[in-house]
Amino acid sequence: MAIEFKQDKNIFHLKSKNTSYIIKIVNDKYPAHLYWGKKLSGSLDFEDKIIYGDRPVMTVIKEDNLSLELLPQEYPAYGNTDYGVPGYKILQENGSRTTNALYSEHRIYKDKTELTGLPASYAEADDNVESLEIDLVDQTADFKITLTYTVFADYDIITRSAKIINTGQKNLRLQSALSISLDFEDSDFEMLQLSGAWGRERHLKTRSLVQGLQQIESKRGASSHYQNPFIALSRPNTDEFQGEVYAANLVYSGNFKASVEVNHYERTRLSLGINDFDFSWLLEAGEEFQAPEAVLAYSDQGLNQMSQLYHKFYRERLVKSKFKDQERPVLLNNWEGTYFDFNEDKIVEIAASAAELGVELFVLDDGWFGRRNDDTSSLGDWYVNKNKLPNGVSGLAEKINDLGLAFGIWVEPEMVSPDSDLYREHSDWVIEVPDRPNSEGRNQLILDFSRREVQDYIIDVLSELFAGANISYVKWDMNRNMTEIGSNKLAAARQEETAHRYILGLYRVLEKLTSKFPDILFESCASGGGRFDPGMLYYMPQTWTSDDTDAVERLKIQYGTSLVYPVSAMGTHISAVPNHQLGRITSLDMRANTAYYGAFGYELDPTEMSFKEREIVKAQIKKFKSLRNLIQFGDFYRLLSPFAGNECAWMTVSDDQKEAFVSYYKILAEANVFSGKIKLQGLNPDYDYQIKELNKTFSGSQLLYSGLPIGELKQEDFSSKSWHLQVI
Ligand code: DGJ
């Protein structure tokens, strides 16, 4: 039983394999958060958590003789004795923003129900999964809130979401409707976030908490390059392998906020959900609003265990596509090889050359449609440019298939160029506000996906494209953020709904297309990793991690991304040198050792490579194919952090612990130093591992407790080594 209700104490005990999460309905009214952490058993008493009485400058609820300020709550309201970040805030027709939704009933059931209109994790038959719904009712303002908790017992994951339903006759305006609120009784934590920019996404940043509000957010219409919808609190001195971590990740791709507030009693409130900045939602009689799902993971063995919980759960119970557990094809993408400058002959030449190297999928990137020869036109005109591809997409796909390669194509369906037939015909179909000029990003505007007719148009046009040729893979790009946020279709009173309605529209389009074309492997992209989030992962099992393909920069990007997202979800390509983003020259070896950890491929013109380089690449692809299952689906361990110094190391271990692949990277060379050892992780101490590269066998215990000797490195900057361990 994953969820137990102790009626005598009004306590819900949510139990996964190793964790407990405990809620108590205090005074039959208030859902209080009593505990989240390592699994508890036996007779439990948390009465000390419920503090009654008065204190200086404190406001109290007279009939209960308590202040909500001192009660750790599950979903705090606004306007009462709690002054922290509320879980929700509702403006009523009489002008009041004060609400008081109290416990009314609950349900416990097996499995999990879907979230209407939103991506979310799911249970499969025979999973040990139970859900709890707690209804809170406000009888004055006439609304109901349903808090949903699902325990994925074997995954050690708890998911939460909230739904607000207008049960009365009057309009309500939601001013905030977060997904979770979590109260901790102290503030002895560090806050972890994944932050960055274009070209250096998801760098790990940490800070100590201080009294007041610390917050990350996106206001750009996409989860963004700048902040990721992930937040964690760790106990001081937590590292990769020891210490407690409490983490939350939002299954959402738009504006979000994640905040941590430390109050004057040094208590901590973590909140996560849709950003309430520039958000409101008019809820008419009978309507409901579903907040996105948050995925909670607790680890008492450091960050690495937290990551492994997320990796497995996302691979197996979030990604919906049939490709979730399939090895990903080695691809060659022509973007950095040709940019917009190609024709059919050139593409076929590149693909033929790639096929000889062992590549399995050719991906045609931007520039195949409309009159697109640079980034100033044609987004929206999703028909082939016959000057470049005289035999159409299907003719090209056939030629690629004849070479023994699968064929993939790039699209950017959410956008429109002002210089396009689509915009000339439907200039009101864009995100904009009245009487003000539209700002442009990369010379483009954003289609208003909050509108049904826009969604349907895109579904139809893309269905025709995908059905009209033998397309095995689609790269779904998105290259600008929102400005002048408004919809020509929405009433003035609903304009603040635009950004969320856009995301709901996007999800509808993705739901339709991915269900209609289940055999297409979709990869999501947003100028690289500008929308690398669980919402997109639900529809598309992999994401282009970053436009920055430099092998050294990628260490930090992939290291940070791996905090939450599985290796199989990260698009990782080898590109030409000098690197196009920063001009750095690294060896093919270094580039491969970094790119191996992901959905591996190349992003260059292989016809320009020398004979020697081609031989190296052939060997790389052969090696990767033999390691692919292990790398993409094994347990990933971070060993040395590139954020901490001049080195990086990570490894992946098979489920049965009989195989592992380890890589070590040294960024800048140093004179007259000895390379040390790296202590490995995840191996079986009782097994003997043969290491091909060293022609030696080491016991698992030696590799774990004494370490793997790194050995001599090449005397050059950006050097790396990797080792394949096997129990023979
Ligand atoms: C941005 C993407 O991140 C690149 O990989 C490439 O597809 C370009 N867009 C094409 O315009």
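One structure accompanies this document, and this report is about it. Computed from a predicted model, the values in this text were never measured in an experiment.

**So, the packing of helix 6 (residues 452-467) against helix 7 (residues 498-516)**
- Axis separation between helix 6 and helix 7 bottoms out at 10 Å; the angle between their running directions is 25°. Comparing their axes, helix 7 and helix 6 come out roughly parallel. Seen from above, helix 6 lies across helix 7 with right-handed handedness. Of the residues in helix 7, those in contact with Arg452, Gln455, Asp456, Ile458, Ile459, Leu462, Ser463 and Phe466 of helix 6 are Gly505, Arg508, Val509, Lys512, Leu513 and Lys516.
- Residue composition of the contact of helix 6 with helix 7, grouped by class: six nonpolar, three polar and five charged.

**Brief notes about the site of the ligand**
- Taken together, 13 residues sit near the ligand, with Asp365, Asp366, Lys475, Asp477 and Asp547 positioned nearest.
- Tryptophan 410 is positioned with one of its side-chain polar atoms (N or O) 3.1 Å from an oxygen atom of the ligand.
- Arginine 442 is positioned such that a nitrogen or oxygen atom in its side chain is 2.8 Å from an oxygen atom of the ligand.
- Burial of the ligand by the protein chains amounts to 97% of its free accessible area of 300 Å².
- Looking at the shell around the ligand residue by residue, the class counts come to four nonpolar, three polar and six charged.

**Examining the sheet that holds strand 22 (residues 361-364)**
- Read once around its circumference, the closed barrel built from eight strands follows the order 21-22-23-26-27-28-29-30, with strand pairing classed as parallel. The sheet shows a mean angle of 30° between the axes of neighbouring strands, taken without regard to direction.
- As paired elements, strand 26 (residues 473-476) and strand 27 (residues 521-524) share four bridges and run parallel to each other. The residue bridging lysine 475 from the neighbouring strand is glutamate 523, located in strand 27.
- Each of strand 29 (570-575) and strand 30 (599-603) touches helix 10 (residues 588-595); the most contacted strand, strand 29, lies at about 170° to it.

**As for empty space enclosed by the protein**
- If you walk through the whole model with that rule in mind, you get eight cavities of 30 Å³ or more.
- Considering only enclosed or pocket space, the largest cavity measures out at about 110 Å³ in volume.
- The wall of the largest cavity is formed by 14 residues, among which Tyr30, Pro31, Gln73, Tyr75 and Ala101 lie closest to the centre.
- Looking at the lining of the largest cavity residue by residue, the class counts come to ten nonpolar, three polar and one charged.

**Some remarks on the sheet that holds strand 32 (residues 647-653)**
- Taken together, six strands build an open sheet; the order of strands is 31-32-33-38-35-36 and the sheet is antiparallel. Looking at the sheet topology across the chains shown, the edges are occupied by strand 31 (635-640) and strand 36 (696-699). On average, each strand axis in the sheet is inclined to that of its neighbour by 25°, with strand direction left out of account.
- Of the strand pairs in this sheet, strand 31 and strand 32 are connected by five bridges, and their pairing is antiparallel. Pairing of arginine 638 across the sheet is with tryptophan 650, part of strand 32.
- Taken strand by strand, helix 9 (residues 551-561) contacts strand 31, strand 32 and strand 33 (659-666), and its axis lies near 50° from that of strand 32.

**A word on helix 10**
- For helix 10, the tally of buried residues reaches seven of eight residues, placing the bulk of the element in the interior.
- Turning to helix 10, its buried residues are Leu588, Met590, Arg591, Ala592, Asn593, Thr594 and Ala595.

**Some words on the pattern of salt bridges**
- Evaluated as defined, the whole model comprises 49 salt bridges.
- A salt bridge links aspartate 419 to arginine 371; the nearest nitrogen and oxygen atoms lie 3.3 Å apart. Taken together, the positions of aspartate 419 in the loop between strand 24 (415-416) and helix 5 (421-425) and arginine 371 in the loop between strand 22 and helix 4 (392-402) put the pair 48 residues apart, joining distant regions of the chain.
- Relative accessible area serves as the criterion here: at 46%, arginine 371 is assigned to the partly exposed category.
- Between glutamate 497 and arginine 501 there is a salt bridge, and its shortest N-O distance comes to 2.8 Å.
- On the basis of relative accessible area, glutamate 497 is assigned to the buried category, the value being 0%.

**So, the nonpolar core**
- By size, the foremost hydrophobic cluster in this structure holds 183 residues, and its most contacted members are Leu14, Ile164, Phe362, Trp368, Phe407, Phe466 and Ile471.
- Looking at this core, the element that brings in the most residues is helix 7, giving eight residues.
- In contact with leucine 14, not counting residues within four places along its chain, are Ala2, Ile3, Thr19, Ser20, Tyr21, Ile23, Leu132, Tyr149, Val151 and Ile158.
- Core analysis: the next-biggest nonpolar cluster, separate from the first, contains 21 residues, Met651, Leu704, Leu708 and Leu713 among them.

Quick notes on the rules
Residues numbered from 1 in each chain as written. Predicted model: local features only at pLDDT ≥ 70, side-chain atom pairs only at ≥ 80, totals over all residues. Heavy atoms only, no water. Axes fitted to C-alpha atoms, helices over the stretch in contact; angles between N-to-C directions. Helix = DSSP H or I, 4+ residues; strand = E, 2+ residues; numbered from the N terminus. Parallel < 35°, antiparallel > 145°, perpendicular 65-115°, else oblique. Left-handed = near helix turned anticlockwise from the far one by under 90°. Contact = heavy atoms within 4.5 Å. Nonpolar A, V, L, I, M, F, W, Y, C, P; charged D, E, K, R; others polar. Near = heavy atom within 4 Å. Polar contact = N/O pair within 3.5 Å; in protein donor to acceptor, adjacent residues only side chain to side chain. Areas by Shrake-Rupley, 256 points an atom, 1.4 Å probe, with all protein chains shown as cover. Pairing = 2+ DSSP bridges. 1 Å grid on protein atoms, 1.4 Å probe; cavity = no way out; pocket = protein on both sides within 12 Å on 5 of 7 lines; lining within 4 Å. Points joined across faces, edges and corners; volume = space filled by probe spheres on them. Buried < 20%, exposed > 50% of the residue type's maximum accessible area, 1.4 Å probe, protein only. Salt bridge = Lys/Arg side-chain N within 4 Å of Asp/Glu carboxyl O. Core = buried A, V, L, I, M, F, W, Y, C linked by side-chain atoms within 4.5 Å.

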